[in-house]
Amino acid sequence: MTATRTPGMPVVEDGFLISTSPATGAEAGRLPVSDDKAVDAAVDRAREAGAWWAGLGFDGRKVRLLRWRALLTQRIEELAELTHTETGKPVTDAIVEAIAGIEHVDWAARNAKRVLGPRRTGTRLLVAEHSGHLEYLPFGVVGVIGPWNYPILTPLGPISGALAAGNAVVLKPSEYTPAVGQWLVDTFAEVVPEQPVLQAVHGLGDVGAALCRSGVGKVAFTGSTATAKRVMATCAETLTPVVIEAGGKDALIVDADADVAAAAEAAVWGAMTNAGQTCIGIERAYAVAEVYDAFVAAVVEKAGRLRLGEEIGPITMPGQIDIIRRHIDDALASGGRAVLGGADAVQPPNVAPTVLVDVPDDSAAIREETFGPTLTITRVADADEAIAKANSLPFGLGGAVFGKANGIRIARRMRTGMVAVNSTLSFVGMASLPFGGMGDSGFGRIHGDDGLREFGRAKSITVRRAPSLLPSMTFERTPAQVRRIVKAVKLLYGRRP
């Protein structure tokens, strides 16, 4: 490694993208960079492969996806070690991430036919002589632009959904984690060697832009809100539809009757796992006055036991350290207090767990995504105030609630796509639930039935099955027939409930 190279910062040298460990600087991967022609060529290959893949039908794809699931499971330690090297996260965290990704592959393979397969639909009065038929056809090729913070789990959501729906996939992994992305592609090729159904293209942001312009049928993106807007603008040039999972600033609400110890344990996990580099991570906590002091004390005690280099890895993206430092400094300068960590917690490439209290609502630490192992805790009078503060930001990804009597009621009032009650982050591991946000956190869904439908285009077909008793959709209808239609409509729909 050259002396000027920053550990963890990807570089392009002699046509290769080189990724390094943010912890040690050791080289983790070296992949050829794809220029615009290479991206277009990959998409062209994917179109042919996608036609073959779609022709296998749901059952044929299911068998192959389950073989891939088995291979991922058999080699989970290898994948976790590579992820540890490339991101710096602890191996145990990488194993948990891989398991969640494997769950999503399994669920998509087993449920695609039920969700997307042909079915009959009900009919209505004006077309009673017709039967309705609905099915979801693949787009052909789906482009997936993945993030660096969860390079296994997050791409596997749209990849598994798109593949199960019958699409070929071209993956553009983050430039910080290209080796993990290529590993996923290579293992899939081991169980599906016939056609390049899953490919990867590598490089910096221009490669993602080229993928958006390449003529793929849909793009699934995960990353920051700012980058999401650029992806959408590029896709808009060709009216390419997108699924966007962007940034978050998720809140945890601790109600008066919460199990404080359990809430604190979950808060620490939600805020500090993966060194806080989690889009659905808990960055804000709102605790009602009755339990505030006990909750703060419990969080500080539990977070204070975490060890750098063991439970807490380094910050994967070196540039994020400046953002974390700015948020902590701003919180302290505006009157906040660090009850754990603080300004001295930032020691690149590491940031120690930091808990901040008395932070003003207009500070960067409250309003902007930090993406580090920090947590603000705010005292509120009651759950209503907590909900108002939690909903005050333009983000709307996930959240959490701890409380016995009103936990679900509070969860329903939170302006987010997902909420965990008496846990944190648990919805990401439940493959049957859709995952996604609203507002500045994006739109569309991966996972669950809704996630599968994102990767199939609805095709509606009507089939005449009998002569028209009440012919309405024809110029040959008679005045008498129109009168009968009006009479039937009044009988069916004219009565007030």
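Details of the structure are given in the entry above.
Residues numbered from 1 in each chain as written. Predicted model: local features only at pLDDT ≥ 70, side-chain atom pairs only at ≥ 80, totals over all residues. Heavy atoms only, no water.

Caption draft 1: Just a negative patch on the surface, in detail. The grouping of D35, D36, D40 and D206 at the surface amounts to a negative patch. With respect to the secondary-structure elements, D36 resides in helix α1 (residues 36-55). (Patch = residues over 30% accessible without salt bridge, like charges linked within 9 Å, V, L, I, M, F, W, Y side chains within 5 Å. Areas by Shrake-Rupley, 256 points an atom, 1.4 Å probe, with all protein chains shown as cover. Salt bridge = Lys/Arg side-chain N within 4 Å of Asp/Glu carboxyl O. Lys, Arg positive; Asp, Glu negative; His and termini not counted. Charge placed at Lys NZ, Arg CZ, Asp CG, Glu CD. Helix = DSSP H or I, 4+ residues; strand = E, 2+ residues; numbered from the N terminus.)

Caption draft 2: Examining the pattern of salt bridges more closely. By the definition in use, this model includes 25 salt bridges. Of the charged contacts, one joins D106 and R110 as a salt bridge, the two residues approaching to 3.0 Å between their closest N and O atoms. Taken together, the positions of D106 and R110, both in helix α4 (residues 91-116) and four residues apart, correspond to about one turn of that helix. Classification of D106 by relative accessible area gives buried; the value is 17%. Residue class for R110 comes out partly exposed when judged on its relative accessible area of 44%. Here E175 and K172 are joined by a salt bridge, their closest N and O atoms 2.9 Å apart. (Buried < 20%, exposed > 50% of the residue type's maximum accessible area, 1.4 Å probe, protein only.)

Caption draft 3: Seen up close, the sheet that holds strand β8 (residues 198-200). Here six strands make up an open sheet; going across it, the order is β8-β7-β6-β9-β10-β22 and the pairing mixed. Edge strands, defined here as strands with exactly one partner in the open sheet, are β8 and β22 (442-443). In this structure, strand β10 (residues 242-245) lies alongside β22, joined through two bridges in antiparallel fashion. Its bridge partner lying in β22, E245 is registered against G442. (Pairing = 2+ DSSP bridges.)

Caption draft 4: Examining α4 more closely. Taking 1.5 Å as the rise per residue, α4 with 26 residues should run 38 Å; its terminal C-alpha atoms sit 36 Å apart, in good agreement. Of all the bends found along α4, the most pronounced is centred on R110 and spans about 40°. (Expected span 1.5 Å × (residues − 1). Bend = angle between axes of the 7 residues up to and from the residue.)

Caption draft 5: A look at the pairing of strand β16 (residues 354-357). Across the two faces of β16 the burial is the same, with T354 and L356 and V355 and V357 all buried. Sheet analysis places strand β13 (residues 337-340) next to β16, joined by three bridges and oriented antiparallel. Bridge pairing links R337 to V357 in β16. Note that β16 and strand β17 (residues 374-380) share four bridges and pair parallel. By the bridge assignment for β17, V355 is matched with L375.

Caption draft 6: Structural context of the layout of surface pockets. Volume-wise, the second largest pocket comes out at about 190 Å³. What lines the second largest pocket is P90, T92, D93, E265, V268, W269, M272, T273, L306, E310, E311 and I312. Of all elements in the fold, only α4 and α9 (260-272) reach the threshold of two or more residues within the lining of the second largest pocket. Sort the elements by how many residues they give to the lining of the second largest pocket and α9 lands first, with four residues. The residue inventory of the lining of the second largest pocket, partitioned by class, reads six nonpolar, two polar and four charged. (1 Å grid on protein atoms, 1.4 Å probe; cavity = no way out; pocket = protein on both sides within 12 Å on 5 of 7 lines; lining within 4 Å. Points joined across faces, edges and corners; volume = space filled by probe spheres on them. Nonpolar A, V, L, I, M, F, W, Y, C, P; charged D, E, K, R; others polar.)

Caption draft 7: Focus on the state of the cysteines. As enumerated under the stated definition, the model contains zero disulfides in all. Note on C212: no disulfide assigned, nearest cysteine sulfur contributed by C235 at a separation of 3.6 Å. Overall, C235 belongs to the buried group, its relative accessible area being 1%. (Disulfide = S-S within 2.5 Å.)

Caption draft 8: Structural detail: the pairing of β10. The side-chain alternation of β10 yields two buried faces, one formed by V242 and I244 and the other by V243 and E245. Pairing of strand β9 (residues 218-222) with β10, which is carried by four bridges, proceeds in the parallel orientation. Directly across from V219, in β10, lies its bridge partner V242. Chirality of the crossover, the property in question, places the unit of β9, helix α8 (residues 225-236) and β10 among those that are right-handed. (Right-handed = clockwise from strand over helix to strand, strands pointing away.)

Caption draft 9: Spatial organisation of unusual backbone geometry. Residue P349 is bonded to the preceding P348 through a cis peptide linkage, with omega at 5°. Topologically, P349 is positioned in the loop between β14 (346-347) and β15 (350-351). Even without being glycine, H447 reaches a positive phi, approximately 70°.

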